[in-house]
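Here's the letter readout for the chains.
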Amino acid sequence: MRAQVSQYGERSVLIELEQVKPVSVIDSFRSLFPKAEVRSGLNTLMITFPEIFDHTELVESSLAKVEAVESSTKTRTLVIETEYTGEDLEKVCEKLGITRAKLISAHTAITWQVALIGFAPGFPYLVPLDETQEEARLLAQIPRLEVPRAKVPAGSVAIASGMSCVYPSSMPGGWNLIGRTEQIFFDLNNQESPALLQAGDLVRFEELKS
Amino acid sequence: MTLKIIRSGITLIEDQGRYGFGEIGISHSGAFDQVSFRLANLLLGRQNEPAFEIIQGRFELETSSDAIVAIVGNAKAIVDSNLVSVNTSFQILAKQRLVIEPLGSSPTYLVVAGIQITKVLGSASRDTLSSLGPDPVIAGDEFEVDSSNALIGSFLSVKQDYQAHVLHYIQGAMKIDVSGEWSKERVSRIGVRLNREVPVESGSGNLASFPMMPGAIQVPPSGQPVILAVDSGTTGGYTVAGVVIEAELHKLGRLAEKFSLEPVSIEYAKNAKLQLEKTVSSSVINPNQMGAW
């Protein structure tokens, strides 16, 4: 496997992946380095070792042993019922020159994969499983908002830069709001696993007509 | 027994932090100055008792019966209008008024032995970015306390320095030079914003989000660096020029007005960590445990 490995602080390395998605190799890295913590970025993985040391050579020499899996039988798929009533829906359609129905069918046609949970507790960065899919290329034309909102309501479904997300709680945000869901994405009452999703999970959106 | 907050200043409740949840977007959080926090615990013979992190202003409390406390930081402490020594553990009696006033900008830690704080995901820390953990402390708050079996009369043999003039860091792969003299522009538990810009190539600095950690020296497209602190987000999309060594992360809360950033080797980071552990474990003296002389 081809990748750039560099030291990141005193105990971690950052791996920049060239052809594979982080979620497809994260388990392989975890089994190669069982004592380390492995976390994913959009195109990167960070491995944090318990001891202070330059681990770049060790990780570089292990790259040959890494096996990528597209999606395994363990992969969960979650369906999110969404009301497409977001504040930016009209503007997004206008920009793309398409109807509301076309936008909804594009967003619901894509199988999304959780690339990582970051930015805020339980916040999923969703990327199209197949980025070459026509619908994925269409939505990829929408950038982030020029001026982020000070407050985005919890449950907002949004898109930006080819990705989609759901805001697990109310927070500032710069993505285009296209819908809303009642689904809870972060629940502290579930102390075992408060985040609904984890990196690698698949997500489909389904229109809930109001 | 009940502890009552009379005046809060700006005060949070913090402990060692919330570890192992980075993968679901949850920051480490925990005491901004982990060294002062640990020393305050050790003075009481404890490890990870939640502390009041007094950031600013005057803090006052009263207890309904006797309690054992330890204070570590650059602060003045008063019990019923008598000045008492900080960096020690001592007993306050029922209805006595304990007042703590920070003397500089670094946080001060008050640990009350046996304080009951509800944990969230294994930690009693307030995460200011995600609003997780106990609410910020306000006047009128009450806490249950059971101070039995805590040490009294311990003190620190090594004085802590609350004016950090140097931060050492491991240089990152992206070649941005942040070494040299700096001033702090704004300090919070999320990050320390520095006072000037470094040259960055145009278009650099906006990357696909990747994992972040406290100590990372982020350089956004503006070129004005921010050193991430305990409550910083778990991922980010700005270039990282380097990462402050772990043995000095507690100094982010103790920075002098002017300080320098100096790159060091991983070997240096390792020795600094060993040295810090040695200092922390050897600097707490308890008179009752000094053995038969």
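Thresholds applied
- Residues numbered from 1 in each chain as written.
- Chains lettered and ligands numbered in written order.
- Predicted model: local features only at pLDDT ≥ 70, side-chain atom pairs only at ≥ 80, totals over all residues.
- Heavy atoms only, no water.
- Helix = DSSP H or I, 4+ residues; strand = E, 2+ residues; numbered from the N terminus.
- Rg over C-alpha atoms; globule rule 2.2 N^0.38 Å.
- Buried < 20%, exposed > 50% of the residue type's maximum accessible area, 1.4 Å probe, protein only.
- Contact = heavy atoms within 4.5 Å.
- Lys, Arg positive; Asp, Glu negative; His and termini not counted.
- Charge placed at Lys NZ, Arg CZ, Asp CG, Glu CD.
- Areas by Shrake-Rupley, 256 points an atom, 1.4 Å probe, with all protein chains shown as cover.
- pLDDT = per-residue confidence, 0-100.
- Salt bridge = Lys/Arg side-chain N within 4 Å of Asp/Glu carboxyl O.
- Pairing = 2+ DSSP bridges.
- Phe/Tyr/Trp six-rings, centres within 6.5 Å; stacked < 30°, edge-to-face > 60°.
- Lys NZ or Arg CZ within 6 Å of the ring centre and 35° of its normal.
- Buried area = accessible area lost by both parts, 1.4 Å probe.
- Polar contact = N/O pair within 3.5 Å; in protein donor to acceptor, adjacent residues only side chain to side chain.

## Details of the overall build of chain A
Then, number 1: Looking only at helices and strands, chain A has 5 helices and 13 strands in total.
Then, number 2: By the compact-globule yardstick of 17 Å for 210 residues, chain A fits well, its C-alpha radius of gyration being 18 Å.
Then, number 3: Seen through its C-alpha atoms, chain A measures out along the principal axes to roughly 55 × 40 × 35 Å.
Then, number 4: Sorting the 210 residues of chain A into buried and exposed places 53% on the buried side.
Then, number 5: For chain A, restricting intrachain contacts to residue pairs at least 6 apart in sequence, the fraction spanning at least 24 positions comes to 60%.
Then, number 6: Mean positive and mean negative side-chain charge positions of chain A (20 and 28 charges, respectively) differ by 2 Å.

## Some remarks on the overall build of chain B
Then, number 1: Along chain B, the regular secondary structure elements total 2 helices and 22 strands.
Then, number 2: What you see for chain B is a C-alpha radius of gyration of 20 Å, in line with the 19 Å of a compact globule of 293 residues.
Then, number 3: Across its three principal axes, chain B shows a C-alpha extent of roughly 65 × 45 × 35 Å.
Then, number 4: Of all 293 residues assigned to chain B, the portion counted as buried reaches 56%.
Then, number 5: Look at the contacts in chain B between residues 6 or more apart in sequence, and 78% of them connect residues 24 or more apart.
Then, number 6: Accessible area for chain B stands at about 12100 Å²; split by element, carbon and sulfur atoms hold 51% of it.

## Points about the confidence of the model for chain B
Then, number 1: Model confidence for chain B is summarised by a mean pLDDT of 94, while 97% of its residues fall at 70 or above.
Then, number 2: Reported confidences for the modelled complex are a pTM of 0.93 and an ipTM of 0.92.

## Quick word on the pattern of salt bridges
Then, number 1: Here the structure, examined in full by the defined rule, presents 20 salt bridges over all chains.
Then, number 2: Of the charged contacts in the structure, one is a salt bridge between Asp-88 of chain A and Arg-149 of chain A, with a shortest N-O distance of 2.7 Å. With Asp-88 of chain A in the loop between strand E5 (77–82) and helix H3 (89–96) and Arg-149 of chain A in strand E8 (residues 149–152), the pair connects residues that are 61 residues apart, well separated along the chain. Note on accessibility: Asp-88 of chain A and Arg-149 of chain A belong to one class, buried.
Then, number 3: As a salt-bridge pair, Arg-126 of chain B and Asp-135 of chain B come within 3.5 Å of each other at their nearest N and O atoms.
Then, number 4: It is possible to trace a salt-bridge network through shared partners that takes in Arg-7, Arg-58, Glu-60, Glu-62, Arg-97 and Glu-101 of chain B.

## Points about the pairing of strand E3 (residues 51–56) of chain B
Residues and elements named next belong to chain B.
Then, number 1: Bridge count for strand E2 (residues 10–14) against E3 is 5 bridges, and the pairing is antiparallel. Within the sheet, the bridge partner assigned to Leu-12 lies in E3 and is Glu-53.
Then, number 2: Judged from the 3 bridges that link them, E3 and strand E10 (residues 108–112) form a sheet pairing that is antiparallel. The residue bridging Glu-53 from the neighbouring strand is Tyr-109, located in E10.

## Some details on the packing of aromatic side chains
Then, number 1: Here the structure, examined in full by the defined rule, presents 9 aromatic pairs over all chains.
Then, number 2: For the pair Phe-33 of chain A and Phe-49 of chain A, a centre-to-centre distance of 5.4 Å together with 80 degrees between the ring planes defines the contact as edge-to-face. Here Phe-33 of chain A is found in the loop between helix H1 (22–32) and strand E3 (37–40), whereas its partner Phe-49 of chain A is found in the loop between strand E4 (44–48) and helix H2 (56–62), with 16 residues between them in sequence. Here the two residues Phe-33 of chain A and Phe-49 of chain A agree in accessibility, since each one is buried.
Then, number 3: Centroid distance Tyr-125 of chain A to Trp-175 of chain A: 5.8 Å. Interplanar angle 70 degrees. Geometry classified as edge-to-face. With Tyr-125 of chain A in strand E7 (residues 124–128) and Trp-175 of chain A in the loop between strand E11 (171–173) and strand E12 (176–180), this pair connects stretches of sequence that are 50 residues apart. Each member of the pair, Tyr-125 of chain A as well as Trp-175 of chain A, carries the same accessibility label: buried.
Then, number 4: An aromatic cluster is defined as three or more aromatic residues linked by ring pairs; in this entry it consists of Phe-119, Phe-123, Tyr-125, Tyr-167 and Trp-175 of chain A.
Then, number 5: We note Arg-196 of chain B situated over the ring of Trp-182 of chain B; from NZ or CZ to the ring centre the distance is 3.8 Å.

## Here's the deal with the interface of chain A and chain B
Then, number 1: The interface of chain A with chain B comprises 36 residues on the first partner and 31 residues on the second.
Then, number 2: Of the roughly 2700 Å² buried between chain A and chain B on both sides combined, carbon and sulfur atoms contribute 61%.
Then, number 3: Looking at the side of chain A facing chain B, the largest losses of area belong to Tyr-8, Glu-10 and Arg-39 of chain A, adding up to 24% of the total buried there.
Then, number 4: Where chain A packs against chain B, one counts 2 salt bridges.
Then, number 5: One salt bridge connects Glu-23 of chain B with Arg-30 of chain A, and the closest N-O pair in it is separated by 3.6 Å.
Then, number 6: Connecting chain A to chain B are 9 residue pairs in polar contact (both at pLDDT 80 or more).
Then, number 7: Listed by contribution, the elements that provide at least two residues to the side of chain A that touches chain B are strand E1 (3–8), strand E2 (12–17), H1, E3, E4 and strand E6 (112–117) of chain A.

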